[in-house]
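The primary structure of each chain is shown beneath.
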Amino acid sequence: MAVFTPVTLDDVTQWIKQFPLGSALELKGISSGIENSNFFLTTERGEFVLTIFENLSFEQLPFYLNLMRHLADRGVAVPAPVANDQGELIVALHGKPASIVTKLEGSSQMSPRPAHCAEVGAMLARMHLAGVDYELEQPNLRGLAWWNQTTPLVLPFLSDDKAHLLRAEMHFQETFAGCDTYQQLQSGPVHADLFRNNVMFDGERLTGFFDFYFAGCDTWLFDVAVTVNDWCIDVDTGVLDEARVRALLDAYHAVRPFTAAEQTAWQPMLRAGALRFWLSRLYDFYLPREAEMLTPHDPTHFERILRERIAKPAPELF
Ligand SMILES: Nc1ncnc2c1ncn2[C@@H]1O[C@H](COP(=O)(O)OP(=O)(O)O)[C@@H](O)[C@H]1O
Ligand SMILES: N[C@@H](CCOP(=O)(O)O)C(=O)O
């Protein structure tokens, strides 16, 4: 159940007048989210998604909403936030921050084939290029600094074997982040959570990336690694599927060619992408937030992926 703040059509009838969307005709709660209250909203101007943010504040939201607006304005397929007549993208509803964005067509593709991965790779490269002149800055809040804070919190819960892996990988990643090659990597706004459930497809046509609430500024290669670690694997084993990896990377490279430094950094970056989600899943599993409503994701999935990336080289970047 993902409608934490109930809203009725009556509630939005007056509120919607500040947006250039005509009258509200229908409002339907969306059951699948986990963070926010989301609704499909039909107005005289078309179909939209209304979100009431349950955790992010008015101060935190501008980075994400303005980024989506910026990308949409440059032709990247993302939900476009709609401004009210004051030019604001974030407006209070029932005392909480709320926004209206365009509705993407289609549904998530949970069993992707190479053709889907190629679409994702090409759109990801376009998104990175389109973000170059985005003016707001925010670090990836789930980057190395957060890994350093979180590691000591989860270590007491781990077996010796897992604790050893986590300590060793943190050491490896600290060294990697300090090396010359890492300093040469291009960076900018990244999605940082581009999993299968955060992309819409209509058949083999990608209709949009969404759920930008882990976005931040980080290396583009980190975004590619996170995406490959989800889109191009056998879900049961974490083993990379060569055909899907090649399709995603080649399509990305055709839009924004990878650099020699990125080629050198590719294997450690795949490990970084796995470590990031192993850590966040460990944290959510052992230290769940108060009133957490969901069964946490399985941390061992990303532990398996991390071990697999350490043991076997992945296909080359290009
Ligand atoms: N712009 C959009 N267009 C179409 N569907 C959307 C859009 N935004 C969200 N959804 C739908 O709402 C669901 C929940 O969205 P999500 O961002 O994952 O919520 P939460 O932040 O609460 O986890 C998605 O799985 C998707 O089906
Ligand atoms: N993709 C992350 C968790 C974030 O969940 P999302 O539904 O907001 O993308 C994971 O799988 O651990």
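Residues numbered from 1 in each chain as written. Chains lettered and ligands numbered in written order. Predicted model: local features only at pLDDT ≥ 70, side-chain atom pairs only at ≥ 80, totals over all residues. Heavy atoms only, no water.

In the annotation of an unreviewed UniProt entry, the entry for the chain reads Homoserine kinase, and the organism field reads Duganella aceris. Listed under Sequence similarities (unreviewed entry) in UniProt, the entry text for the chain is "Belongs to the pseudomonas-type ThrB family." As its UniProt record puts it under Pathway (unreviewed entry), the chain is described as follows: "Amino-acid biosynthesis; L-threonine biosynthesis; L-threonine from L-aspartate: step 4/5." (UniProt positions renumbered as here; feature names shortened; annotations may be inferred.)

(A) Looking closely at the pairing of strand 5 (residues 96–102). For strand 5, a buried count of five out of seven residues is recorded, marking the element as mostly surrounded by other parts of the structure. When strand 3 (residues 46–52) meets strand 5, the two strands line up antiparallel, connected through five bridges. Opposite Val49, over in strand 5, you have Val101 as the bridge partner. Relative to strand 5, strand 4 (residues 91–93) is paired through three bridges, and the arrangement is antiparallel. Residue pairing for strand 5: Val91 is matched across the bridge by Ala98. (Buried < 20%, exposed > 50% of the residue type's maximum accessible area, 1.4 Å probe, protein only. Helix = DSSP H or I, 4+ residues; strand = E, 2+ residues; numbered from the N terminus. Pairing = 2+ DSSP bridges.)

(B) Examining the layout of surface pockets more closely. Of the voids in this model, the second largest pocket is the one considered here, and its volume is about 250 Å³. Forming the walls of the second largest pocket are 19 residues, and the residues nearest its centre are Leu144, Tyr182, Cys217, Asp218 and Thr219. When contributions to the lining of the second largest pocket are tallied by element, the ones reaching two or more residues are helix 4 (144–154), helix 5 (160–178), helix 6 (180–183), strand 6 (187–190), strand 9 (216–219) and helix 9 (260–286). Looking at side-chain class alone, the lining of the second largest pocket contains eleven nonpolar, seven polar and one charged residues. (1 Å grid on protein atoms, 1.4 Å probe; cavity = no way out; pocket = protein on both sides within 12 Å on 5 of 7 lines; lining within 4 Å. Points joined across faces, edges and corners; volume = space filled by probe spheres on them. Nonpolar A, V, L, I, M, F, W, Y, C, P; charged D, E, K, R; others polar.)

(C) View of the domain arrangement of the chain. Examined at the domain level, the chain breaks down into domain 1 (9–102) and domain 2 (114–311). For domain 1 versus domain 2, the distance between C-alpha centres works out to 27 Å. With 20 residues of domain 1 in contact, the opposing surface of domain 2 contributes 24 residues. Buried surface at the junction of domain 1 and domain 2, both sides included, amounts to about 1,800 Å², of which 71% is carbon and sulfur. Remark: the boundary between domain 1 and domain 2 carries one salt bridge. Between Asp133 and Arg74 there is a salt bridge; the shortest N-O distance is 3.4 Å. For the pair domain 1 and domain 2, the interface holds seven residue pairs in polar contact (both at pLDDT 80 or more). Of the residues that constitute the side of domain 1 that touches domain 2, the class distribution is 15 nonpolar, three polar and two charged. (Domains from an automatic or database assignment. Contact = heavy atoms within 4.5 Å. Buried area = accessible area lost by both parts, 1.4 Å probe. Salt bridge = Lys/Arg side-chain N within 4 Å of Asp/Glu carboxyl O. Polar contact = N/O pair within 3.5 Å; in protein donor to acceptor, adjacent residues only side chain to side chain.)

(D) Quick look at the sheet that holds strand 5. Here we have five strands laid out as an open sheet, ordered 1-2-3-5-4, and antiparallel in their pairing. Both edges of this open sheet fall to strand 1 (24–29) and strand 4, since each of them pairs with a single strand only. Pairs of neighbouring strands in the sheet enclose a mean axial angle of 35°, with direction left out of account. (Axes fitted to C-alpha atoms, helices over the stretch in contact; angles between N-to-C directions.)

(E) Layout of the site of ligand 1. As a structural note, the neighbourhood of ligand 1 is formed by 17 residues, with Ile34, Glu35, Asn36, Thr102 and Leu104 the closest of them. Within the side chain of Ser32, an N or O atom sits 3.3 Å from an oxygen atom of ligand 1. Residue Thr102 places a main-chain N or O atom 3.1 Å away from a nitrogen atom belonging to ligand 1. Compared with its free state, where it exposes 550 Å², ligand 1 has 87% of that area covered by protein. Counting only elements with at least two residues in the shell around ligand 1, the list comes to strand 2 (37–43) and strand 5. (Near = heavy atom within 4 Å. Areas by Shrake-Rupley, 256 points an atom, 1.4 Å probe, with all protein chains shown as cover.)

(F) How the structure looks around the site of ligand 2. Taken together, Asp193, Phe195, Asn197, Asn198, Asp211, Phe214, Phe277, Arg281 and His297 are the residues near ligand 2. The separation between an oxygen atom of ligand 2 and a polar side-chain atom of Asn198 is 2.9 Å. Side-chain polar atom of Arg281 to an oxygen atom of ligand 2: 2.7 Å apart, as the coordinates give it. Of the residues assigned to the shell around ligand 2, the class counts are three nonpolar, three polar and three charged.

(G) Layout of the packing of aromatic side chains. Applying the stated criterion to the full structure yields 14 aromatic pairs. With centroids separated by 5.6 Å and ring planes inclined at 70°, the aromatic side chains of Phe63 and Tyr134 adopt a geometry described as edge-to-face. Of this pair, Phe63 sits in helix 2 (residues 61–73) while Tyr134 sits in the loop between helix 3 (114–130) and helix 4, placing them 71 residues apart in sequence. Measuring from ring centre to ring centre gives 4.7 Å for Tyr252 and Phe258, while their planes differ by 10°; the resulting arrangement is stacked. As far as burial versus exposure is concerned, Tyr252 and Phe258 are alike and both buried. Put simply, the rings of Phe53, Phe63, Tyr64, Tyr134 and Tyr213 touch in pairs and so form one group of aromatic residues. A cation over a ring is seen here: Arg271 above Phe172, with NZ or CZ 3.6 Å from the ring centre. (Phe/Tyr/Trp six-rings, centres within 6.5 Å; stacked < 30°, edge-to-face > 60°. Lys NZ or Arg CZ within 6 Å of the ring centre and 35° of its normal.)

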